[in-house]
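Residues per chain, in single letters:
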Amino acid sequence: MPKTFRLTAALSIALATLLAGCSFQSNSPRSSTNKAESATESGNPVALAKKPAIPSLASPDNPDPAIQQQIEQYFNGFAAKGFAKQSQGMWIQAGNTLLANHQGTVPLPAASLTKVATSLAALQTFGPDRQFITQIGATGPIQNGVLKGDLVIQGEEDPFFVWEEAIAIGNHLNDMGIKQVTGNLIITGKFYMNFESSPLKSGNLLKQGLNAQSWPPAAQTQYKTLPPDTAKPQVAIAGSVQVKPSPPSNVKPLIQHYSFPLAELLKKMNQYSNNKMAEMIASSVGGAKVVAFKAAQAAGVSQSEIILVNGSGLSPLNRISPRAVCAMFLALERYLQPYNMTIGDLFAIVGQDEGILNQRKLPPFLVVKSGSLNTVSALAGAFPTQQQGIVWFATMNGGNNLEGFRAQQEALLQNFVNQWGTVQSLPDELKPNPERIGKTSGNKMLN
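Parameters at a glance
Residues numbered from 1 in each chain as written. Predicted model: local features only at pLDDT ≥ 70, side-chain atom pairs only at ≥ 80, totals over all residues. Heavy atoms only, no water. Axes fitted to C-alpha atoms, helices over the stretch in contact; angles between N-to-C directions. Helix = DSSP H or I, 4+ residues; strand = E, 2+ residues; numbered from the N terminus. Parallel < 35°, antiparallel > 145°, perpendicular 65-115°, else oblique. Left-handed = near helix turned anticlockwise from the far one by under 90°. Contact = heavy atoms within 4.5 Å. Nonpolar A, V, L, I, M, F, W, Y, C, P; charged D, E, K, R; others polar. Pairing = 2+ DSSP bridges. Phe/Tyr/Trp six-rings, centres within 6.5 Å; stacked < 30°, edge-to-face > 60°. Buried < 20%, exposed > 50% of the residue type's maximum accessible area, 1.4 Å probe, protein only. Salt bridge = Lys/Arg side-chain N within 4 Å of Asp/Glu carboxyl O.

### Regarding the packing of helix H6 (residues 262-271) against helix H7 (residues 275-285)
Relative orientation of the contacting elements H6 and H7 amounts to 140 degrees, with a least axis distance of 8 Å. Classified by the interaxial angle, the pair formed by H6 and H7 is oblique. The handedness of the crossing between H6 and H7 comes out as left-handed. From H6, Leu265, Leu266 and Met269 reach across to H7, where they touch Met277, Ala278 and Ile281. Split by residue class, the contact of H6 with H7 holds six nonpolar, no polar and no charged.

Written out as structure tokens, the structure is:
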């Protein structure tokens, strides 16, 4: 059956207050249009020959003496300023070779590096092409532009249903002949809008979004990012928003809304360190403990090295060892390889992707996730070099020195890139799959 899908437009700041990354990090949502696009279909992994071998997790013993000495000096500098060495951690490996290890197997406050675990567990559970479907239906007939009954929404945990989705659905309802609803807006299942986890709040936002006459300033701002020929929906709902445990027995399906595929949702979550998206995705997996279990199992590390109380990192109780962080990145790389994808499809590429890393002074071509709380600064991922190839690393710093930690992390990585040789482009092991650029959210009209 054909599906109507929407292209992705420019990033905007209209919902920035709804996006919550780790402390001191701003976020930005995306805008989209309601133009038709080909359907995003799930597919089987593509088996390609001669793929590069993914490294194994290195043994924690026998690091490279010269690199280990540099790292010891690095942490001695923090200790001289009063920051305890036992609050710092580092793991660096190139290929299967350990370069440096400082408390690499000790779980430390991870902040938003938690989202690496959430990403891994979600992929293990759903696969990269999973789309979350929101069902829109009605309980009565449509006569002369009026739906004589209730409009019913059945949510399925779409974590990126925002104003643009409401506008597109409102226009589809108008195309189906619905301009008024005599009954209520009924919300069932886990329906989120604008990163609100409350179904009642989300329902009220949707009610506003479906009718341009009731748009708040944020919706007006988002509308301006859409193509100039985008219609303004008019679906006036006379009744109230009601949350019910199950849909009415007489509901008739009208529209299916498909979220972005999971891989693209994870990229957005990680680029902007969106805590609310992370919590929603972790919830869909089964919660923080399930995320920790699945991530440790997939990464091949002890459960004691990944300890989580939430899926976002907004707690100092979330603790992950530097080794486990690297192991999760390697596990993601292994998982994605049969799909012709890399960690570049899930995490920000410095110098190429917009996001919270824009203000960091990091070398180009790093594929990384950062994490920050008031007393935690962490950075992990991979960077390409001429001499060492792909270097996998995780650095975790604890203490009241956020900006200082960031500056030292940036200086250390730049030093390593200078020492081991810069590259002119992303290697294949880190390149995102260009075929996924067009994958977006969309709607299928059922009537």
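### Re the sheet that holds strand E6 (residues 108-109)
Here we have three strands laid out as an open sheet, ordered E6-E17-E16, and antiparallel in their pairing. Looking along the sheet, the strands with just one partner apiece sit at the ends: E6 and strand E16 (306-307). The pairing of E6 with strand E17 (residues 319-320) spans two bridges and is classified as antiparallel. When the bridges of E17 are listed, Leu108 appears paired with Ile320.

### Details of the packing of aromatic side chains
Under the defined criterion, the tally for this structure stands at 15 aromatic pairs. Note on Tyr74 and Phe78: the rings are 5.0 Å apart at their centroids and 75 degrees apart in plane angle, and the pair reads as edge-to-face. With Tyr74 and Phe78 both in helix H1 (residues 65-80) and four residues apart, this pair spans about one turn of that helix. On the accessibility criterion, Phe78 (3% relative accessible area) is buried. When the ring of Phe383 is compared with that of Trp420, the centres are 6.3 Å apart and the planes differ by 10 degrees; the resulting orientation is stacked. With Phe383 in strand E20 (residues 376-385) and Trp420 in helix H10 (residues 402-420), this residue pair connects regions lying 37 residues apart in the sequence. Comparing Phe383 with Trp420 shows no difference in burial state: the two are buried.

### Digging into H6
Counting buried positions over the ten residues of H6 gives ten, a clear majority of the element. Listing the buried residues of H6 in full gives Leu262, Ala263, Glu264, Leu265, Leu266, Lys267, Lys268, Met269, Asn270 and Gln271. Ser273 sits one or two residues past H6 and shows a positive phi near 45 degrees.

### Notes on the pairing of strand E10 (residues 151-156)
The two faces of a sheet get side chains in turn, since along a regular strand they alternate between them. With four bridges joining them, strand E7 (residues 133-138) and E10 adopt antiparallel strand pairing. Its bridge partner being in E10, Ile136 is matched across the sheet by Ile153.

### Brief notes about the pattern of salt bridges
Tallying each qualifying case throughout the model produces ten salt bridges. In this structure, the salt-bridge partner of Asp129 is Arg436, at a minimum N-O distance of 2.9 Å. Separated by 307 residues along the polypeptide, Asp129 in the loop between helix H2 (114-126) and E7 and Arg436 in the loop between H10 and strand E22 (442-445) bring together distant segments of the chain. The same class applies to Asp129 and to Arg436, which are both buried. Taking the shortest distance from any N to any O, the salt bridge between Arg406 and Glu403 comes out at 3.5 Å. Residue Arg406 and its partner Glu403 are located together in helix H10, separated by three residues, close to a single helical turn.

Any link to function would need more than the numbers given here.
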